[in-house]
Amino acid sequence: MQRLENVTGHDPAGELLAHYLHAQAGAFLRGLRLHREAGPDSDLAEGAALAMRAAARRIGATLHTFRPLLDAAWADQLRTELAWLCATLGGEHTCAARLTRLLDALHRLSGSRVAPPRGEGGTLTVGAARAGALLERQLTPARTRAHSAALQALGSSRFHAVADAVALLASEAPLATSAAAPAAEALAPAALAAEDRLERAVADLPLGRAARPYNSEALVQESESQDQPWHQVRRLLRLHRYAQEVLHPHPGDLLHGGAVQADQLPCAGRALDRHRDASEAAAAASAAARTPRIAPATAYALGVLHADQRHEVEAARFAFQRIWQPVAVTTAPAATTAAS
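We now turn to the structure provided with this report.

Conventions adopted
Residues numbered from 1 in each chain as written. Predicted model: local features only at pLDDT ≥ 70, side-chain atom pairs only at ≥ 80, totals over all residues. Heavy atoms only, no water. Phe/Tyr/Trp six-rings, centres within 6.5 Å; stacked < 30°, edge-to-face > 60°. Helix = DSSP H or I, 4+ residues; strand = E, 2+ residues; numbered from the N terminus. Buried < 20%, exposed > 50% of the residue type's maximum accessible area, 1.4 Å probe, protein only. Lys NZ or Arg CZ within 6 Å of the ring centre and 35° of its normal. Axes fitted to C-alpha atoms, helices over the stretch in contact; angles between N-to-C directions. Parallel < 35°, antiparallel > 145°, perpendicular 65-115°, else oblique. Left-handed = near helix turned anticlockwise from the far one by under 90°. Contact = heavy atoms within 4.5 Å. Patch = residues over 30% accessible without salt bridge, like charges linked within 9 Å, V, L, I, M, F, W, Y side chains within 5 Å. Areas by Shrake-Rupley, 256 points an atom, 1.4 Å probe, with all protein chains shown as cover. Salt bridge = Lys/Arg side-chain N within 4 Å of Asp/Glu carboxyl O. Expected span 1.5 Å × (residues − 1). Arc of directions from axis to C-beta. Core = buried A, V, L, I, M, F, W, Y, C linked by side-chain atoms within 4.5 Å. Nonpolar A, V, L, I, M, F, W, Y, C, P; charged D, E, K, R; others polar.

## Some words on the packing of aromatic side chains
The final tally for this structure, using the stated rule, is two aromatic pairs. When the centroid spacing of 6.1 Å and the interplanar angle of 80° are considered together, the rings of Trp230 and Phe320 count as edge-to-face. Of this pair, Trp230 sits in helix 8 (residues 228-247) while Phe320 sits in helix 10 (residues 296-324), and the two are 90 residues apart along the sequence. Accessibility expressed as a relative area gives 2% for Trp230, which makes it buried. Here a set of aromatic residues connected by ring pairs shows up, and it is made of Trp230, Phe320 and Trp324. Geometry around Trp84 places Arg158 over its ring, the cationic atom sitting 4.1 Å from the centre.

Shown next, in the form of structure tokens:
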């Protein structure tokens, strides 16, 4: 990882921190305005909700990482409310994306469009067709409930209080007295602590095993809770990335060096996003397979689907390892070439 000890900013830490929070609050408010103008059920509204979530995540992460430089009670309260909002706004998108992922995977595995067969024709197996129909019956109501919950939340007094707090944040950030110190003395240590937590979490991952493709690590796990260390790394990586955005408002200012270049961090994050999506999709397929009294062909198709998504989990781990430790991946081929 790149190190942050070299940050040499002499401007007050509070100026950099407030500038970042103001910008993210502005992005949130623009998303909110677009959402209101677009109407609740339009494609623009979905994009606006995603923009609001992205800004809310960045604000919440910043309040967490740089809490010592802020009014602690205010930061804790707003962070809690933003976490609630992110979870509420993201529910529908998560359900829709998971169903699409599972149906696309069934399509790919069966070689035909996944939908209950109508009349004659079509090469889709009965098991895959019924599996797709079962997943739709289970996940579509969840998406509908999430959509209703989001609409209810956006009209609630709780949301309006959050929006008011963010609107105030767009012009004023409640800073602690410690924020008057130079950025190198106040911001960098907090960001470095976030980086160190990430590095310790990555060190606990079985990256050596993940470096070997088709190692079946993700397939032999008896408990999906073993995915949690990878999910934790994903969360810590996001905190680290956002801390860097505070320290280095311009991407070109990011430091380079270490195991991972600054511009590789988004790639590492996307690999971990794929890991989470695949593991949660596999869990959904497994849950569907436990539905009482389903046909054996349906259960078999869901089992194949579960295994496919666990393969995707393994592939995502391999991709993350190649980004994080590229030297370890290329050492063996280089040695072979030298020997020849």
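## Notes on the packing of helix 3 (residues 72-110) against helix 4 (residues 126-154)
Viewed as axis vectors pointing N to C, helix 3 and helix 4 meet at an angle of 165°, and their least axial separation amounts to 8 Å. Our classification of the angle between helix 3 and helix 4 gives roughly antiparallel. In this structure, the crossing between helix 3 and helix 4 has a hand that is left-handed.

## Section: the environment of Glu312
As for its position among the elements, Glu312 is in helix 10. Separated by 35 residues in sequence, Glu312 and Asp277 have C-alpha atoms that sit 9.2 Å apart. In this structure, Glu312 is in contact with Arg101, Arg108 and Ala278, ignoring residues within four places of it in sequence.

## Details of a nonpolar patch on the surface
On the surface, a cluster of nonpolar side chains totalling about 300 Å² of accessible area is made up of Leu109, Tyr300 and Val304. The topology assignment puts Tyr300 in helix 10.

## Concerning helix 5 (residues 157-169)
Between its terminal C-alpha atoms helix 5 stretches 18 Å, which fits the 18 Å expected from 13 residues at 1.5 Å a residue. For helix 5, every residue scored as buried is listed here: Phe159, Val162, Ala163, Val166 and Leu169. Burial along helix 5 is one-sided: seen end-on, the buried residues are contained in an arc of 115°. Looking at helix 5, the residues exposed on the side facing more than 90 degrees away from the buried face are Ser157, Asp164 and Leu168. In this structure, the buried residues of helix 5 make contact with helix 1 (13-38), helix 2 (43-65), helix 3 and helix 4.

## A look at the nonpolar core
Most often, soluble globular proteins keep nonpolar side chains buried together rather than apart. The biggest cluster of nonpolar side chains holds 62 residues, and the ones touching the most others in it are Phe66, Phe159, Leu187 and Phe320. Discounting residues that sit within four places of it in the chain, Phe66 has contacts with Leu17, Leu187, Ala190, Ala191, Ala243 and Val246. In this structure, Leu102, Leu103, Ala131 and Ala301 belong to the second largest nonpolar core, which totals 17 residues.

## Comments concerning the packing of helix 1 against helix 5
With their axes 8 Å apart at the nearest point, helix 1 and helix 5 run at an angle of 135° to one another. Judged by the angle between their axes, helix 1 and helix 5 are oblique. Our pair here, helix 1 against helix 5, has a crossing hand that is left-handed. The residues of helix 5 that touch helix 1, namely those facing Leu21, His22, Ala25, Phe28, Leu29, Leu32 and Arg36, are Phe159, His160, Ala163, Val166, Ala167 and Leu169. Of the residues in the contact of helix 1 with helix 5, the class split is 10 nonpolar, two polar and one charged.

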